[in-house]
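A structural walkthrough
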Amino acid sequence: MRAPNLNINRDLWFLPVVVLLGILASRTLLFQSGYFYMHDDLQIMRLLQMEKCFTDGQIPCRWVPDMGYGYGYPLFNFYPPLPYLIGQVFRWVGFDFATTVKLAFSLAIILSGVTMYYLGKEFYGRWGGLLSSAFYIFNRGHSCEHRMVLIVISMHSVAPDKKQIVERIYISPDHIK
């Protein structure tokens, strides 16, 4: 396997297409007014609790005060906080909670396409990377409409990176210098 080539200038024509495909896959999130239907409607509550942790000065956020029937709950000891930290950046910019959750989901979908593009490009070239990212985005976009869990979608955005790391370290260790 050849060394990865992350030449951004050559990818200048492919990455906007991947981002456009990600926006197209998350169009119901971005362009639909109001909140969207999903089975796990706790995303806004978790984002609110993350914001309360920041206003209380509890960094890193571990204990959420309003969950657990008002007694509090150690949510972020067991639930990964990174997507909610990214959502908190959108809150600081000035978006409301519903828009913040929609933007966090959309960002994860777009980022999954970009990471899959680089994985596919490493194995099959630029056109293969574009095709891989299109299949990856729309496969996930279809499955996300019923089960929208921010952690699961965010995990899918870094899964191609994990594959590249495993490939480089264990299968082809000659790439490590």
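Definitions and cut-offs
Residues numbered from 1 in each chain as written. Predicted model: local features only at pLDDT ≥ 70, side-chain atom pairs only at ≥ 80, totals over all residues. Heavy atoms only, no water. Salt bridge = Lys/Arg side-chain N within 4 Å of Asp/Glu carboxyl O. Helix = DSSP H or I, 4+ residues; strand = E, 2+ residues; numbered from the N terminus. Buried < 20%, exposed > 50% of the residue type's maximum accessible area, 1.4 Å probe, protein only. Phe/Tyr/Trp six-rings, centres within 6.5 Å; stacked < 30°, edge-to-face > 60°. pLDDT = per-residue confidence, 0-100. Expected span 1.5 Å × (residues − 1).

A few words now on the pattern of salt bridges. Within this structure, the stated rule accounts for two salt bridges. Taking the shortest distance from any N to any O, the salt bridge between D66 and K52 comes out at 2.2 Å. Of this pair, D66 sits in the loop between α3 (43–56) and α4 (75–78) while K52 is found in helix α3, placing the two residues 14 residues apart along the sequence. With a relative accessible area of 35%, D66 lands in the partly exposed category.

This part takes up the packing of aromatic side chains. The final tally for this structure, using the stated rule, is eight aromatic pairs. A centroid spacing of 6.3 Å and a plane angle of 75° characterise the contact between F90 and F95, whose relative ring orientation is edge-to-face. Taking relative accessible area as the criterion, F95 reaches 32% and is therefore assigned partly exposed. Among the aromatic residues, ring-to-ring pairing joins F14, Y117, Y118 and W127 into one connected group.

For the bond running from I59 to P60, omega is 5°, close enough to zero to count as cis. Secondary-structure assignment places P60 in the loop between α3 and α4.

With 71% of its residues at a pLDDT of 70 or more, the protein has an overall mean of 79. Averaged pLDDT values for the elements of the protein fall to 68 in helix α7 (residues 150–171) and rise to 90 in helix α5 (residues 82–93).

With that settled, consider α3. In a regular helix each residue adds 1.5 Å, so 14 residues correspond to 20 Å; α3 covers 20 Å between its end C-alpha atoms and thus fits that length. Among all positions of α3, only Q43, R46, L47, Q49, M50, E51 and C53 are buried. Just downstream of α3 lies G57, where phi reads positive at about 85°.

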